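Now for the letters of each chain:
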Amino acid sequence: MIELRGVTKAFGETRVLRGVDLSVPRGTSMVVIGASGTGKSVLLKCVLGLVAPDAGEITVDGRDVRAGDRDAFLARFGMLFQGAALFDSLPVWQNVAFRLLRGALKRPRAEAREIAVEKLRRVGLSPDVADAYPAELSGGMQKRVGLARAIAADPEIIFFDEPTTGLDPIMAGVIDDLIREIVTEMGATAVAITHDMGSVRQIADRVAMLHDGVIKWTGPVDALDASGDPYVEQFIHGRADGPIAAVR
Amino acid sequence: MRALAPLGALGRAVLRLLGEVGRVALFALAAVSHVLRPPFYAREFAQALVQIGWLSLPVVGLTALFTGGALALQIYAGGARFNAEAVVPQIVAIGIVRELGPVLGGLMVAARVASSIAAEIGTMKVTEQIDALVTLSTDPMKYLAAPRVLAATLAVPVLVAVGDSVGVMGGWLVGVARLDFNGAAYLENTVNFLETWDVASGLVKGAAFGFIVALMGCYHGMHSSRGAQGVGRATKQAVVSASVLIFAANYILTEVFFAA
Ligand SMILES: Nc1ncnc2c1ncn2[C@@H]1O[C@H](COP(=O)(O)OP(=O)(O)O)[C@@H](O)[C@H]1O
Ligand SMILES: [Mg+2]
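Note that the structure is predicted; figures quoted are calculated from it, not measured.

Parameters and conventions
- Residues numbered from 1 in each chain as written.
- Chains lettered and ligands numbered in written order.
- Predicted model: local features only at pLDDT ≥ 70, side-chain atom pairs only at ≥ 80, totals over all residues.
- Heavy atoms only, no water.
- Helix = DSSP H or I, 4+ residues; strand = E, 2+ residues; numbered from the N terminus.
- Buried < 20%, exposed > 50% of the residue type's maximum accessible area, 1.4 Å probe, protein only.
- Contact = heavy atoms within 4.5 Å.
- Areas by Shrake-Rupley, 256 points an atom, 1.4 Å probe, with all protein chains shown as cover.
- Lys, Arg positive; Asp, Glu negative; His and termini not counted.
- Charge placed at Lys NZ, Arg CZ, Asp CG, Glu CD.
- Core = buried A, V, L, I, M, F, W, Y, C linked by side-chain atoms within 4.5 Å.
- Domains from an automatic or database assignment.
- Pairing = 2+ DSSP bridges.
- Axes fitted to C-alpha atoms, helices over the stretch in contact; angles between N-to-C directions.
- Phe/Tyr/Trp six-rings, centres within 6.5 Å; stacked < 30°, edge-to-face > 60°.
- Lys NZ or Arg CZ within 6 Å of the ring centre and 35° of its normal.
- UniProt positions renumbered as here; feature names shortened; annotations may be inferred.
- Donors = N, O, S within 2.8 Å, 3.2 Å for Na, K, Ca; no water.

A word on the overall build of chain B. Check the secondary structure of chain B and you find 9 helices and 0 strands. Listing every helix and strand of chain B by position from the N terminus yields α-α-α-α-α-α-α-α-α. Along the first, second and third principal axes, the C-alpha atoms of chain B reach 65 × 60 × 35 Å. Within chain B, the fraction of its 260 residues that count as buried is 46%. Within chain B, contacts between residues at least 6 apart in sequence are counted, and of these 84% link residues at least 24 apart. When the accessible surface of chain B is split by element, carbon and sulfur atoms take 70% of a total near 12900 Å². The positive charge centre, built from 17 side chains, and the negative charge centre, built from 14, are 15 Å apart in chain B.

All names here are of chain A. Core analysis: the biggest nonpolar cluster contains 82 residues, and Ile-2, Leu-17 and Phe-159 have the highest contact counts within it. For this core, the domains that each give at least three residues are domain 1 (1-73 + 156-162 + 180-248) and domain 2 (77-154). Those residues in contact with Ile-2 that sit more than four places away from it in its chain are Leu-22, Ser-23, Val-24, Val-47, Thr-59, Val-60, Ile-157, Phe-159, Thr-189 and Val-191. The next biggest cluster of nonpolar side chains, apart from the first, holds 54 residues, and it includes Trp-93, Ala-112, Ala-132 and Phe-160.

The next point concerns the sheet that holds strand E3 (residues 29-33) of chain A. Strand-to-strand pairing in sheets goes through backbone hydrogen bonds, with the strands running parallel or antiparallel. Residues and elements named next belong to chain A. Read from one edge to the other, the open sheet built from 6 strands follows the order E6-E7-E8-E3-E9-E10, with strand pairing classed as mixed. Here the strands that pair on one side only, and so sit at the sheet edges, are strand E6 (77-80) and strand E10 (214-220). Within the sheet, the average angular offset between the axes of one strand and its neighbour, ignoring direction, is 15°. Relative to strand E9 (residues 206-211), E3 runs parallel, the two sharing 4 bridges. Counterpart to Ile-33 in the pairing with E9 is Met-209.

A word on the packing of aromatic side chains. Across all of its chains, the model carries 11 aromatic pairs over all chains by this definition. A ring pair is formed by B:Trp197 and B:Phe257, whose centres lie 5.0 Å apart and whose planes are at 75°; its orientation type is edge-to-face. Here B:Phe257 lies in helix H9 (residues 227-258) and B:Trp197 lies in helix H8 (residues 196-222), a separation of 60 residues in the sequence. Overall, B:Phe257 belongs to the partly exposed group, its relative accessible area being 22%. One aromatic cluster in this structure is built from A:Phe87, A:Phe98, B:Tyr41 and B:Tyr143. Between the NZ or CZ atom of A:Arg102 and the centre of the ring of A:Phe98, over which it lies, the distance is 4.0 Å.

What follows is about the UniProt feature "transmembrane region" (unreviewed entry) in chain B. Residues and elements named next belong to chain B. Residues annotated in UniProt with the feature "transmembrane region" (unreviewed entry) correspond here to residues 21-40, 52-73, 149-179, 199-219 and 239-259. Across residues 21-40, helical content stands at 80% and strand content at 0%; the span's end C-alpha atoms are separated by 28 Å. Along residues 239-259, the helical share is 95% and the strand share 0%, with 29 Å between the first and last C-alpha atoms.

A word on the coordination of the magnesium ion (ligand 2). Residues and elements named next belong to chain A. The coordination sphere of the magnesium ion (ligand 2) contains the protein donors Ser-41 (OG) and Gln-82 (OE1), at a distance range of 2.0 to 2.1 Å. Here the residue Ser-41 occupies a position in helix H1 (residues 40-48), and Gln-82 occupies one in the loop between E6 and helix H3 (92-96), the gap between them amounting to 41 residues. Given a relative accessible area of 34%, Gln-82 falls into the partly exposed group.

Attention now moves to the pairing of strand E1 (residues 2-11) of chain A. Every other side chain in a regular strand lies on the same face of the sheet, so the side chains alternate between the two faces. All names here are of chain A. For E1 and strand E2 (residues 14-24), the ladder comprises 8 bridges, and the chain directions are antiparallel. When the sheet's bridge partners are listed, Ala-10 is paired in E2 with Arg-15. Between E1 and E2, which pair antiparallel and follow one another directly, the connecting turn spans 2 residues, one of which, Gly-12, has a positive phi of 60°.

Quick look at the structure:
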């Protein structure tokens, strides 16, 4: 269970988060929607402790995320970054198996490689790419390698920052299915950010809409169409006019 | 009150500078403590040794060769003013091993290595690779900074030793080819004249300069601001600050080692 209470964060003059309240029950898949630049990525980074919130509290299973053993805490997480964030000095398989090659989860190299190849297959990449370097791959392929890295150590909690942006529709479908599968089969808790309404319906149990630094609406995915919330309405139908300004 | 405005600006600049010095000092302490505490990343250390040490050999060697040659010409011309041309081997040797070998070697490494470390780590920072490291339970100080700092501290003295030899050889080549010195006598004079501490002090300087170079590369890379411009600025600051700190450290070490 992930809980955020009154989380605020400003960068200089820009107040990005202005009091975010959100809870994600264990084993569910939460999708966060919202216009670009509203602070969705910052929100995930606050939970992981990569960005220090100015105020508010964030707990995972009742424990403050900034207290206690950071390594043990982070070992429960997998994160797919918006820009994939692959290590360009390492070949693809060592990126995927990064956690398995060092630290507490270290395994023999051959075994780590085997797991990496298997995870690559799950995200629709052939074993040939295992020895390529990230710079040799297309953006969509890098994204999928990032996804493979996020799930490599079978984490309990997975964050996906725009997992299907930049993928073709078929591959996007494959990734949506994969995320759904990870949540239902492995019982993982997932928080995904996406702009693709098809993906939202495919992967979400619950949806939260971030706007103006607060969660404007949250509810089960089935209630999305009948939310009655003007922000959600405008967003899911992609209208230029409405409460969300088109020029930001 | 208006008359005091420049004072206020000066005060702020001084405070900013002090703040920066404090941050660099803390960063240096953290880097050293990570060098000393496990886990150690052997692979990253080996790569850093190759990058910083092995691949810097050509530029350090060429710098020393030409400097040794030019030094021989200058000392010969200067010495001729009071009929002391014969001191060329001794003065070239002491100039190279005590001062020019470590300082010019350090500067060349600053240009080559501080820049590349800052650009690499800065790019990692702006593309969220540093964030990714943290989420993968790997401390960027330990994984990125510690191996580079250790490698540079160990490799630069070796580079200085090579530079010393090549520099003396540069002087010898010019001495023999252009200034009519006897080759064997030149070398004998050099060897008999130099004391162990002349050479060793230069190597100690090299270690200090190597530490400075890697530290500045890592510090500015990790504090890079966003975008390509941010990385460009970090790279520039790494080279400038490493160079200036090398000169400052060189003066302080020379004062400590040789002041009468
Ligand atoms: N490290 C940072 N420094 C300064 N500003 C930042 C930083 N990270 C994010 N921002 C700003 O915060 C806002 C929200 O960014 P982000 O969370 O990436 O938006 P999105 O909802 O598209 O993911 C943007 O205006 C961005 O410029
Ligand atoms: Mg984002």
